[in-house]
Amino acid sequence: AAGEKKPGEKAAGEKKPGKKKTSEKKPAEQKASQKEVGEKKKKIKRHHASRNPVLARGIGRYSRSAMYARKALYKRKYTAPETKIEKKKKEKPRATITKPVGGDKNGGSRVVKIRKMPRYYPTEDVPRKLLSHGKKPFCEHKRRLRASITPGTVLILLTGRHRGKRVVFLKQLATGLLLVTGPLVINRVPLRRAHQKFVIATSTKVDISGVKIPKHLTDAYFKKKRLRKPKHQEGEIFDTEKEKYEITEQRKSDQKAVDSQILAQIKKVPQLRGYLRSTFCLSNGVYPHKLVF
Amino acid sequence: VFKRFVEIGRVAFISFGPHAGKLVAIVDVIDQNRALVDGPCSGVRRQAMPFKCMQLTDFVLKFPHSARQKCVRLAWEKENINEKWAATRWAKKIEAREKKAKMTDFDRYKVMKAKKMRNRIIKHEMKKLQRMASKKGKKPEKSEKPEKSEKPEKAKKSGKVQKAQKTQK
């Protein structure tokens, strides 16, 4: 086995022929042999150059079978250790399952296949799709954030029911939307998501480095909930679904928790509170492309 | 009719071109349209420059025609043109315009608040005086008051605006 493993190391082995012979019994020299093995393991990296000289680019002198012989692959056959295979042989996935069945005189259970044969084969095969490259689903898209938007920046919302309001940016969520808050007591904007494209970033920043935003504020938390359970009743479908949005207690408590920290920072900057209360508007002679925000 | 003339030593302000906004002294006249010009203390190399892009200022230096840069520099520094220029209304207007263009959204808000407060004060005083005038009929003493009261408020407002601008810088 030792000979099989390192045929190429015969050169290295030849350097210490004496040690190899006497390494079997003496414990002191066993340590030396271990060292030697260790050295051999390190030296395994000395690979032989290609045994197949190149005639022209992509063409070697020897055929596959000749190379097999030249590389002595007949001597180098590796198999994985078998013990684990033997263990895992018994761990085949379950093919059937027995399920209880109701009813009289039915024999209480049935044996049911877990993976069933397809119930339908289409007459025409679906044509094989061409390979595409780089088409990722939305969850794997790269999220970008404008350099002008950093935590604590005052943003001007441009769309939605809070258009024109100046708002403090907290962080970017996993879908790329911006988590933003009024704070609520200042301009009635709650913890809310805003889209980066529909927002003007001003150069005014609030120091939010010490503010801790709870971790449960994710996209799932803010996502709009819709009830769709018709249950075959066609009378009052349009009424029973959620028409009025109710503010949950959790939202209120989260709002308080975040806002209290931010308000403390806002109070430190003179006139910032009034600034956040005001709304942005254009008037005669004011051109957005000429404004410095 | 004309008070500023093109002469050797006239300091000119360059209005457009690569050296826009800088001050320069006329060293010599080349022909009808161009002058040899030099701005050692304002970063303009000695070169020919058309009169069209120059706007004459009130300052004149004393040096002979075609004097070398060293002489121009000496004369410039002796007259302290840079400080005198910064003190003129012209330069101040330019600076104010630049500051206004650089105002951020927050600055604009602060200026709006300052202006509003100032106007309120002025209006308040005016209304007071008008009421007094209408009640007691015209009296020459009261017409002096509006001028006095407006000046401290102007100082207040400009002070606030400058403060607002300074804090943002």
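Right, let's walk through the structure included here.

Analysis parameters
Each residue is numbered by its place in its chain's sequence as written, counting from 1. Chain labels run from A onward and ligand labels from 1 onward, assigned in the order the entries are written. Selection of residues for local features in this predicted model requires a pLDDT of at least 70, selection of side-chain atom pairs for listing and counting requires 80 or more, and totals for whole chains, interfaces and linings are taken over all residues. As a rule here, side-chain values cover all heavy atoms of the structure and leave hydrogens and water aside. Helix and strand labels come from DSSP, where a helix needs a run of H or I of at least four residues and a strand needs a run of E of at least two; each type is numbered from the N terminus. Exposed residues in this analysis have more than 50% of their type's maximum accessible area, buried residues have under 20%, and partly exposed residues fall in between, with area computed by a 1.4 Å probe over protein chains only. The contact definition used throughout considers only heavy atoms, calling two residues in contact when any of these lie within 4.5 Å. Accessible surface is estimated by sampling points in the Shrake-Rupley manner with a 1.4 Å probe; for residues, cover comes only from the protein chains shown. Once two parts are brought into contact, the accessible area they lose, counted with a 1.4 Å probe and summed over both, makes up the buried area. Here a salt bridge means any side-chain nitrogen of Lys or Arg lying within 4 Å of a carboxyl oxygen belonging to Asp or Glu. Strand pairing is assigned whenever DSSP identifies at least 2 bridges connecting the two strands. Only the stretch in contact is used when fitting a helix axis, every axis being a line fitted to C-alpha atoms; angles between N-to-C directions are given from 0 to 180 degrees.

**Let's talk about the overall build of chain A**
And step 1. When helices and strands are tallied, chain A shows eleven helices and nine strands.
And step 2. Scored against the burial criterion, the 293 residues of chain A give a buried share of 23%.
And step 3. Taking contacts inside chain A between residues at least 6 apart in sequence as the whole, the part at least 24 apart equals 54%.
And step 4. For chain A, the computed accessible surface area is about 24,700 Å², with 55% contributed by carbon and sulfur atoms.

**Concerning the interface of chain A and chain B**
Bring the parts together and some accessible area is lost; that lost area is often taken as the interface size.
And step 1. With 16 residues of chain A at the contact, the number on the chain B side is ten residues.
And step 2. Of the roughly 930 Å² buried between chain A and chain B, counting both surfaces, carbon and sulfur atoms make up 57%.
And step 3. Of all residues in chain A, the largest losses of buried area upon contact with chain B belong to Gln271(A), Tyr275(A) and Val292(A), amounting jointly to 51% of the total for that side.
And step 4. Linking chain A to chain B there are one salt bridge.
And step 5. The salt bridge involving Asp105(B) is made with Arg166(A); its shortest N-O contact spans 2.8 Å.

**Digging into the environment of Ile186(A)**
Residue and element names in this part refer to chain A.
And step 1. By the element assignment, Ile186 lies in helix 7 (residues 184–187).
And step 2. Residue classification places Ile186 among the buried residues on the basis of a relative accessible area of 6%.
And step 3. Distance in space between the C-alpha atoms of Ile186 and Asp259 is 9.9 Å, their sequence separation being 73 residues.
And step 4. With near-sequence residues (within four places) excluded, Ile186 lies in contact with Leu263, Ile266, Arg273, Leu276 and Arg277.

**Some words on the sheet that holds strand 6 (residues 166–172) of chain A**
Residues and elements named next belong to chain A.
And step 1. Strands sit in the order 8-7-6-5-9 across an open sheet of five strands; the sheet is antiparallel. Looking at the sheet topology across the chains shown, the edges are occupied by strand 8 (192–194) and strand 9 (199–205). Sheet twist, expressed as the average angle between the axes of neighbouring strands with direction ignored, equals 45 degrees.

**Looking at the sheet that holds strand 1 (residues 10–14) of chain B**
Through backbone hydrogen bonds, the strands of a sheet pair up, either in parallel or in antiparallel fashion.
Residues and elements named next belong to chain B.
And step 1. Taking strand neighbours across the sheet as the criterion, the five strands line up as 4-3-2-1-5 in an open arrangement whose pairing is antiparallel. Edge positions in the sheet fall to strand 4 (44–50) and strand 5 (54–60), since each of these pairs with one other strand and no more. Between one strand axis and the next, the sheet turns through 40 degrees on average, direction left out of account.
And step 2. Of the pairings in the sheet, the one linking strand 2 (residues 23–29) to strand 3 (residues 34–39) comprises four bridges and is antiparallel in character. By the bridge assignment for strand 3, Ala25 is matched with Asp38.

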